[in-house]
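Topology and contacts: notes
Letter by letter, the chains look like this.
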Amino acid sequence: MRSPEEELLEIIKASGVDLLLTLPCDRVKAFIGLADRYLSRLPLTREEEGVGIAAGAALAGRRPAMVVQSSGVGNMVNALLSLTRFYELPLALFISHRGVYREGIAAQVPMGRALPGLLEAMHIPFSTLKSPEEFSRVGEALESLYREGRIHAFLLVPSIWEGSEAEAPVRQDRPYCEPAEVGARPACPPAGMRRYEIIQALRPALEGNVVVSNLGVPSKELYHVLPQPSNFYMLGSMGMATPIGLGLALSTPGRVFVIDGDGSLLMNPGTLATAALAGPENFTVLCVDNASYGSTGEQPTLTGTCVDLEAVARGMGIKRTARVWEREGLLEAARRTDGPLFIHALARPGNARVPDIPLSAGEIKGQLMGFLSRTPRAS
């Protein structure tokens, strides 16, 4: 006899979901533990990065879904609206709805009670599932959301698992990965180039490849230097460039570059750990570190005083990194194909005076999806 967990996973798989992004919750531990038998699954470090990875996967034609706890929905509100909703990308959310049924942890109650109203305020349709008999609605809703390019949430009330004998696989030991070597921080040399000049220097490596650019001025500079259909210009959702690029790299065989910034990367550094775990060889993160929030008035970031982002990347498990500040070193590093690769590009603050990007969100999305449709999808 199938357990409720197995029944739901079979429905999800039959609906074409091909990437499941998960964060842990005690109420769905068996569901998550069994998922590897049915789907390609990637564990996350934070809910918000999952929204970005799912967006990248959806741009490449995949059908992503996320499993999160209701208390974690608050960590993804802006990304859901300014990225997934804004670009009209499909995403299925399976939310372990805590705080509403036999809840033993009082801190789960406020968000659990607020969740339906929060989803309504964001205009995200949802289905509340209280028993396995209601699973029949899942398949049709999934097919609809992927066809129409929208978000749908499934609230998994813990009552649906009552009586289930399914158990999550038990880990017998702790697996250790081989740590990347993190040496002493070298003295920073003079950073001679600004971000615009760095993008200009990297044009030969970026041309013809997928490039995800951080929001604001970096995207405008990329458009001015290399306006190609394989670029994804971010118009919002700070901190999401590297997650989007990771989702794309896991979903297409071609090279994927991310032009990120120190301020943006500091918002979601855990994505580097997720990239190290997933290990896509076609993935390169170019972090232009000018120690400032360049699009908002050059306010200083912590990389100018106490944070070494190359050391952070290596500490997160990225074994191939490069610290560069000259034109020759930049191009040499960018031409490496043994990713995931983290290029720490030291730069001077300052923005180029370039016009706004004359493309709507729909046009940006359409150009990239058209480019990707002409290339094979990663298995």
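Residues numbered from 1 in each chain as written. Predicted model: local features only at pLDDT ≥ 70, side-chain atom pairs only at ≥ 80, totals over all residues. Heavy atoms only, no water.

1. Section: helix α9 (residues 217–225)
Note the cut-off: For the exposure calls, accessible area comes from a 1.4 Å probe over protein chains only, and a residue counts as buried if that area is under 20% of its type's maximum, exposed if over 50%, partly exposed in between. Starting at the N terminus, helices and strands are each numbered in turn, a helix being any DSSP run of H or I of at least four residues and a strand any DSSP run of E of at least two. By the convention used here, residues are in contact when the closest approach between their heavy atoms is within 4.5 Å.
Along α9, the residues classified as buried are V217, P218, S219, E221, L222 and V225. Those residues of α9 that are buried lie in contact with α7 (195–201), α8 (203–206), β7 (210–213), β8 (231–233) and β9 (256–261).

2. Some details on the pattern of salt bridges
Inclusion rule: One speaks of a salt bridge when a side-chain nitrogen belonging to Lys or Arg is within 4 Å of a carboxyl oxygen belonging to Asp or Glu.
With the rule as written, the count across this model stands at 17 salt bridges. Across the pair E103 and R27 runs a salt bridge whose closest N-O atoms are separated by 3.8 Å. On the criterion of sequence distance, the pair formed by E103 in the loop between β4 (91–96) and α5 (109–121) and R27 in the loop between β1 (19–22) and α2 (29–35) is long-range, its members being 76 residues apart. Taking the relative accessible area as the measure of exposure, R27 reaches 25% and is therefore partly exposed. Linking R98 and E103 is a salt bridge whose minimum nitrogen-to-oxygen distance equals 2.9 Å. Given the relative accessible area of 3%, R98 is considered buried. A cluster of three or more residues bridged by salt bridges with shared partners is formed by D26, R27, K29, R98 and E103.

3. Overview of helix α4 (residues 77–85)
Within α4, the full set of buried residues consists of A79, L80, S82, L83 and T84. For α4, the elements touching its buried residues are α3 (47–59), β4, β6 (151–156) and α10 (241–249).

4. A closer look at the nonpolar core
Put simply, the rule is: Only buried residues count toward a nonpolar core, which is a set of Ala, Val, Leu, Ile, Met, Phe, Trp, Tyr and Cys residues joined through side-chain atoms within 4.5 Å.
Ranked by internal contacts, the top residues of the largest apolar core, which has 91 residues, are I244 and L248. In contact with L248, other than residues within four places in its own chain, are G56, A57, L59, A60, V210, V212, V256, L368 and L372. Counting residues in each nonpolar core, the second largest holds 28 residues, with V17, I32, L34 and V67 among its members.

5. Examining the environment of M193
With respect to the helices, strands and loops of the structure, M193 is situated in the loop between β6 and α7. C-alpha of M193 to C-alpha of P349: the two residues are 156 residues apart in sequence and 8.8 Å apart in space. In contact with M193, other than residues within four places in its own chain, are I198, W325, E326, R327, L330, A347 and R348.

6. With respect to the sheet that holds strand β5 (residues 126–129)
Where strands meet in a sheet, backbone hydrogen bonds hold them as pairs that are either parallel or antiparallel. The criterion, for reference: A pair of strands is considered paired only if DSSP assigns at least 2 bridges between the two. Orientation is described by axes fitted as lines to C-alpha atoms, over the contacting stretch for helices, and by angles from 0 to 180 degrees between their N-to-C directions.
An order of β2-β1-β3-β4-β6-β5 is seen for the six strands of this open sheet, with the pairing classed as parallel. Edge positions in the open sheet fall to β2 (41–43) and β5, since each of these has one partner strand only. Averaged over neighbouring strand pairs, the angle between their axes works out to 20° when direction is ignored. Set on the sheet, α5 makes contact with β4, β5 and β6; between it and β6 the angle comes to about 170°.

7. Comments concerning the packing of α3 against α10
Where we set the bar: With respect to orientation, any angle under 35 degrees is reported as roughly parallel, any angle over 145 as roughly antiparallel, any angle of 65 to 115 as roughly perpendicular, and every other angle as oblique. Each crossing gets its hand from how the near helix is turned against the far one by less than a right angle, where anticlockwise is left-handed and clockwise is right-handed. The classification used treats Ala, Val, Leu, Ile, Met, Phe, Trp, Tyr, Cys and Pro as nonpolar, Asp, Glu, Lys and Arg as charged, and all other residues, Gly among them, as polar.
Relative orientation of the contacting elements α3 and α10 amounts to 40°, with a least axis distance of 6 Å. In this view, α3 runs oblique relative to α10, as classed from their interaxial angle. The hand of the α3/α10 crossing is right-handed. Two secondary-structure elements touch here, α3 through E49, G52, I53, A55, G56, A57 and L59 and α10 through P243, I244, L246, G247 and L248. By residue class, the composition of the contact of α3 with α10 is eight nonpolar, three polar and one charged.

8. Considering the side chain of Q108
Cut-off, in case you're wondering: Under the rule applied, a polar contact is a pair of N or O atoms within 3.5 Å (in protein, one hydrogen donor and one hydrogen acceptor; residues adjacent in sequence only if both atoms are side-chain atoms).
Its location among the elements puts Q108 in the loop between β4 and α5. Among the polar contacts made by the side chain of Q108, one reaches the side chain of Q69 at a distance of 2.8 Å. Apart from the residues lying within four places of it in its own chain, the contact partners of Q108 are Q69, S70, S71, R98, G99 and E103.

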